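# Tertiary structure, described
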Number of protein chains: 2
Amino acid sequence: MNKTIGQQTIKFESKPKIISSAAIVGPKEGAGPLGEYFDKVLSDSYYQEQTWEKAERKMAQENIDLLLQKAKLSPDKIDHLIAGDLLDQTVTSNFVARKLPIPYLGIYGACSTMVEGMILGGTLIDGGYARRTVNFTSSHYQGAERQYRTPNEYGDQYPSYKQWTATGSGATLLAKDGSGPVITEATVGKVVDLGVKDPMDLGSAMAPAAADTILQHLNDTGRNPEYYDLIITGDLAEVGSKLLKELLNEEGVDLAKNHDDCGLLLYNSDQGVGAGGSGCACSAIVTASYLLPYLNNNHYDRIFVVATGALLSPITSLQGETIPCIAHGIVIENESKNKDAIGNQEYEYRQTANSSIEESEGDK
Amino acid sequence: MNKTIGQQTIKFESKPKIISSAAIVGPKEGAGPLGEYFDKVLSDSYYQEQTWEKAERKMAQENIDLLLQKAKLSPDKIDHLIAGDLLDQTVTSNFVARKLPIPYLGIYGACSTMVEGMILGGTLIDGGYARRTVNFTSSHYQGAERQYRTPNEYGDQYPSYKQWTATGSGATLLAKDGSGPVITEATVGKVVDLGVKDPMDLGSAMAPAAADTILQHLNDTGRNPEYYDLIITGDLAEVGSKLLKELLNEEGVDLAKNHDDCGLLLYNSDQGVGAGGSGCACSAIVTASYLLPYLNNNHYDRIFVVATGALLSPITSLQGETIPCIAHGIVIENESKNKDAIGNQEYEYRQTANSSIEESEGDK
């Protein structure tokens, strides 16, 4: 059985199913265009806790409870928990795992964590090492801002190209058996660094990594972008998305028709989020609460989710280093694979959804 | 084909081979009882760099070059790079990965990273998703000390139960084909936290996690500790090793005859290292340069390496949290599995090696 395609792509022959997904988000994310899709929206960033770190943890913990409830499964039915986050030493994930009697594999992929976790979960299930895996991640605007940049109270300038770390936690439950969208292939990314130094400009830093993984995936599989209803990046936002398309155009790949970005979908442009969303939660909550239900409801037949991560730390930036980045991609398909029956209907639906986001700009 | 045993144990039916291993260490580690086993010993902690973080990176980078040279393989023959470290956002690993054209999976397991990486590499190879994987980790005493505790220049008290973060980088190359010790099973650990709060006392914090994983492994496999020539923990050091044996004794498991700890093997007791070694590098360098060659040379037939990690951050300690810990175990066997032919000879050999460490105390 051939389990690899080309140089960097893995094939999940058994098509592991995503039988449950869940997302809890902060107030700003709840007020955005996808607000109604999330399972729960917090009314404030502290979530009745004394610190932002504890609020993030509480949110991630509740989200796992929700994920398991939706699947009607108790924690002991899960074989592996795979998680990571942005906080130093990935402490949100570690502390959530402490409450769960599930073997734990900690990962670090910055904002690519969600897809990295799904890829590892996929190999564990498809390889026969697990029946069910849960992967989750989270981020918190204020917690991340104080760790990576300056305390929020300093009120420093917010350049238009800077992105807004999403507050939220997203999780998926992958299983050998059950019902839901399926993962069929994954492309594990290489670290790419084209020399961007400014830690405020992560979109520009990450776009080349996304381009590298998308090109590699298309080469490995011999496909055109049109094979997918949607190629969606994790958190390139406005600056990075534009750059990604330019980079791919140079290689003769045109994403104009079917590219979108979770960081662009998450907020209205008048919400004061600079170039758009970012953070581990960004691709996680959009995938869990918007993309997967859309696949379930036949609005998409197959999509390629490419989550991008900037692998810097505050110390490396202070020491004058450039920013290494990565992008991991995963192909998710509608379980019934009924694209032919539906034709292009679902693609138009997405465009409409997108348009409504633009229309709603200025509402708030 | 049954790929799992009991509740938490994975079986690698195809027995992935460890075809190369390498370790570069700091001056203190080089002066310890295992000094002669390491591939390279640095003459100073800065290693001609301006910062400790850059020194750690240079060491880890060189070590990968060495690992590949020893295996006579170029980087493009490696399918996945799996790595993590102690620095915030695992930047040593990320920046080393930037130099390598290899798909990268970042992980975080604190001092359990080496074994977590070998487990994931094992599943990727055994599952058919990779032919060869490299996993590595590193730590640096001064870099870790300043990040986790206080700048070294403060000269704060060093309690006898505190451990010394090893300076070094260890790496292994796992392959489907080739020659070397084989990995046969792995037990993925759960997060365990029995309420230890003192970030100086990580041995006490981690011992319950090690006990949990060892017990689970023995239960899953139906084995006695004597099945192994050696059950070696990662970095429990003096305090944690004693506690581990007590905890297991309460469960009727006696490790008196065949337990050792990488943190105890690494230094002479007069080197001023408190209770012994710790850090991601601790189990990594001892495994890469001492345990694996011993398996290769028929001194051991099969060992169980249990790497322990304390999953805290400076922030969680300051916020009054206790310390969640984890331990991942992996079974490594002599490729020729000729235990019966050799009898107990190799076990005596190890005891001798251990005794010589004790004898050498006071030499320096």
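A short tour of the structure in this document, coming up. Every chain begins its residue count from 1, and numbering advances along the sequence as written. In the order they appear in the text, chains get letters beginning with A and ligands get numbers beginning with 1. Reporting in this predicted model follows two pLDDT cut-offs: at least 70 for local features of residues, and 80 or more for side-chain atom pairs to be given and counted; totals over whole chains, interfaces and linings ignore these cut-offs and use all residues. No hydrogens and no water enter the side-chain calculation; it runs on all heavy atoms of the structure.

### Details of the overall build of chain A
The number of helices and strands found in chain A is twelve helices and 15 strands. To get the radius of gyration, use the C-alpha atoms; to get the globule rule, take the number of residues to the power 0.38 and multiply by 2.2 Å. Taking 2.2 N^0.38 as the reference for a compact globule, 364 residues should give roughly 21 Å; the C-alpha atoms of chain A span a radius of gyration of 19 Å, in line with that estimate. When its C-alpha atoms are laid out on the principal axes, chain A stretches across 55 × 50 × 40 Å. Should any heavy atoms of two residues lie within 4.5 Å, those residues are counted as being in contact. The long-range fraction of contacts in chain A, counting pairs at least 24 apart against all pairs at least 6 apart in sequence, stands at 79%. Split by element, the accessible area of chain A, about 12,200 Å² in all, is 46% carbon and sulfur. Strands here are runs of E lasting at least two residues and helices are runs of H or I lasting at least four, both read from the DSSP assignment and numbered beginning at the N terminus. To measure how exposed things are, a 1.4 Å probe is used in the Shrake-Rupley method; for residues, cover is taken only from the protein chains shown.

### Digging into the state of the cysteines
All names here are of chain A. In this description, a disulfide is simply a cysteine sulfur pair whose atoms lie within 2.5 Å. All told, the structure shown has zero disulfides over all chains when counted by the stated rule. Residue Cys282 stays outside any disulfide, its sulfur separated by 5.6 Å from that of Cys262, the closest cysteine. By relative accessible area, which is 0% here, Cys282 ends up buried. Type-normalised accessible area, obtained with a 1.4 Å probe on protein chains alone, sets the label of each residue: buried when under 20%, exposed when over 50%, and partly exposed for intermediate values.

### Some thoughts on the pairing of strand β15 (residues 325-333) of chain A
All names here are of chain A. Most of β15 is tucked away, with nine of its nine residues classed as buried. Burial along β15 is two-sided: the face carrying Cys325, Ala327, Gly329, Val331 and Glu333 and the face carrying Ile326, His328, Ile330 and Ile332 are both buried. DSSP-based pairing: two strands are paired if at least 2 bridges between them are found. Here strand β14 (residues 302-310) runs beside β15; their pairing, made up of nine bridges, is antiparallel. When the sheet's bridge partners are listed, Gly309 is paired in β15 with Ile326.

### Quick notes on the interface of chain A and chain B
Taken together, the 56 residues of chain A in the interface contact 56 residues of chain B. When chain A packs against chain B, the two sides together hide about 4,600 Å² of surface, and 60% of this comes from carbon and sulfur. Buried area: the sum, over both parts, of the accessible surface (1.4 Å probe) that disappears when the two are put together. Together, A:Gln89, A:Arg98 and A:Tyr129 form the three largest contributors to the area buried by chain A at its contact with chain B, with a combined 17%. Salt bridge, as applied in this entry: a Lys or Arg side-chain nitrogen positioned within 4 Å of an Asp or Glu carboxyl oxygen. Measuring nitrogen to oxygen at the nearest pair gives 3.7 Å for the salt bridge that ties A:Glu321 to B:Arg98. Whenever a nitrogen or oxygen atom comes within 3.5 Å of another N or O atom, the pair is scored as a polar contact, on the condition that within protein one atom can donate a hydrogen and the other can accept it, and that pairs from neighbouring residues in sequence are kept only if both atoms are in side chains. Taken together, chain A and chain B are joined by 30 residue pairs in polar contact (both at pLDDT 80 or more).

### Re the environment of B:Val286
All names here are of chain B. Within the fold, Val286 resides in helix α9 (residues 280-296). Taking the C-alpha atoms as reference, Val286 lies 23 Å from Leu73; in sequence the two are 213 residues apart. Ignoring sequence-local partners within four residues, the contact set of Val286 consists of Leu34, Cys262, Leu265, Leu266, Ala281 and Leu291.

### A look at the nonpolar core
As used here, the term nonpolar core means buried Ala, Val, Leu, Ile, Met, Phe, Trp, Tyr and Cys residues forming a set that is joined through side-chain atoms within 4.5 Å. Counting 100 residues, the largest nonpolar core has A:Ile332 and B:Ile332 as its most contacted members. Once you skip the residues sitting within four places of it in the chain, B:Ile332 turns out to touch B:Ile18, B:Met118, B:Pro181, B:Val182, B:Ile183, B:Thr287, B:Leu292, B:Leu295, B:Asp301, B:Arg302, B:Ile303 and B:Val305.

### Section: the packing of helix α6 (residues 202-221) of chain B against helix α7 (residues 237-250) of chain B
Helix-helix packing: each pair is described by the crossing angle between the helix axes and the interaxial distance. Residue and element names in this part refer to chain B. Whenever a helix is involved, its axis is fitted only over the stretch in contact; in every case the axis is a line through C-alpha atoms, and angles between N-to-C directions fall within 0 to 180 degrees. Packing of α6 against α7 leaves a shortest axis separation of 8 Å and a crossing angle of 40 degrees. As far as their axial angle goes, α7 and α6 are oblique. Two packed elements cross with a definite hand, and for α6 against α7 that hand is right-handed. Mapping the contact onto sequence places Gly203, Ser204, Ala207, Pro208, Ala210, Ala211, Ile214 and Leu215 in α6 and Val239, Gly240, Leu243, Leu244, Leu247 and Leu248 in α7. Residue composition of the contact of α6 with α7, grouped by class: eleven nonpolar, three polar and no charged. What sets the label is the angle itself: under 35 degrees gives roughly parallel, over 145 gives roughly antiparallel, 65 to 115 gives roughly perpendicular, and the rest give oblique. Note on convention: the crossing is left-handed when the near helix lies turned anticlockwise from the far helix by less than a right angle, right-handed when the turn is clockwise. Three residue categories are used. Nonpolar comprises Ala, Val, Leu, Ile, Met, Phe, Trp, Tyr, Cys and Pro, charged comprises Asp, Glu, Lys and Arg, and polar comprises the others, including Gly.

### As for the relation of the copies chain A and chain B
You can overlay chain A on chain B at an RMSD of 0.0 Å; the transform is a turn of 180 degrees with a shift of 0.0 Å along its axis. With respect to symmetry, the two chain copies, as superposed, fit the operation of a two-fold axis. For chain A, the smallest separation between a C-alpha atom and the rotation axis is recorded for A:Ile107, amounting to 1.8 Å. Here the copies are matched by least squares. The fit uses the C-alpha atoms of residues with pLDDT of at least 70 in both.

### What to know about the packing of aromatic side chains
All names here are of chain A. A pair of Phe, Tyr and Trp rings is counted when the ring centres sit within 6.5 Å of each other, with Trp represented by its six-membered ring. The angle between the planes then sorts it: under 30 degrees is stacked, over 60 is edge-to-face, the rest tilted. Scanning all chains against the criterion turns up 18 aromatic pairs over all chains. Geometrically, the ring pair formed by Tyr46 and Trp52 is stacked, given 5.4 Å between the ring centres and 20 degrees between the ring planes. Using a relative accessible area of 34% as the deciding quantity, one classes Tyr46 as partly exposed. Its relative accessible area of 9% is what places Trp52 among the buried residues. Relative to Tyr300, the ring of Tyr294 has its centre 5.6 Å away and its plane inclined at 50 degrees; by these criteria the two rings are tilted.

### Re α6(B)
Residue and element names in this part refer to chain B. How far a helix is expected to stretch is found by multiplying one less than its residue total by 1.5 Å. With 20 residues, α6 ought to run about 28 Å at 1.5 Å a step, and its terminal C-alpha atoms sit 29 Å apart, in line with that. Of all 20 residues that make up α6, 18 are buried, and the element is covered over most of its length. Downstream of α6 by one or two residues, Gly222 has phi in the positive range, about 65 degrees.

### Some remarks on the environment of A:Phe95
Here A:Phe95 is to be found in helix α3 (residues 91-98). Since its relative accessible area comes to 1%, A:Phe95 is described here as buried. Separated by 43 residues in the primary sequence, A:Phe95 and A:Trp52 have C-alpha atoms spaced 14 Å apart. Discounting chain neighbours no more than four positions away, the residues touching A:Phe95 are A:Arg57, A:Gln61, B:Leu311, B:Thr316, B:Glu321, B:Thr322 and B:Pro324.

### So, unusual backbone geometry
Residues and elements named next belong to chain A. A positive phi angle, close to 45 degrees, is found at Tyr47, a residue other than glycine. Looking at where Tyr47 falls in the secondary structure, it is placed in the loop between β4 (40-41) and α2 (52-71). Taking the relative accessible area as the measure of exposure, Tyr47 reaches 6% and is therefore buried. The phi torsion at Ala237 lies on the positive side, around 55 degrees, for a residue other than glycine. Looking at where Ala237 falls in the secondary structure, it is placed in helix α7 (residues 237-250).

### As for the packing of helix α2 (residues 52-71) of chain B against helix α3 (residues 91-98) of chain B
Residue and element names in this part refer to chain B. The interhelical angle for the contact between α2 and α3, taken along N-to-C directions, is 50 degrees, at an axis separation of 9 Å. It follows that α2 is oblique to α3 by the angle criterion. For the element pair α2 and α3, the recorded crossing hand is right-handed. On the side of α2, the interface is formed by Glu56, Arg57, Ala60, Gln61 and Ile64, while α3 contributes Thr92, Phe95 and Val96.

### Considering the pattern of salt bridges
Applying the stated criterion across every chain yields a total of 29 salt bridges over all chains. Notably, a salt bridge pairs A:Glu246 with A:Lys242, separated by 3.3 Å at the nearest N-O pair. You can see A:Glu246 and its partner A:Lys242 sitting in helix α7, four residues apart, about one turn around the helix. In this structure, B:Glu62 engages B:Lys40 in a salt bridge whose closest nitrogen and oxygen atoms are separated by 3.0 Å. Of the two residues, B:Glu62 sits in helix α2 while B:Lys40 sits in strand β4 (residues 40-41), which places them 22 residues apart along the sequence. Assessed through its relative accessible area of 26%, B:Glu62 is described here as partly exposed. It is possible to trace a salt-bridge network through shared partners that takes in A:Lys54, A:Arg57, A:Arg98, B:Asp193 and B:Glu321.

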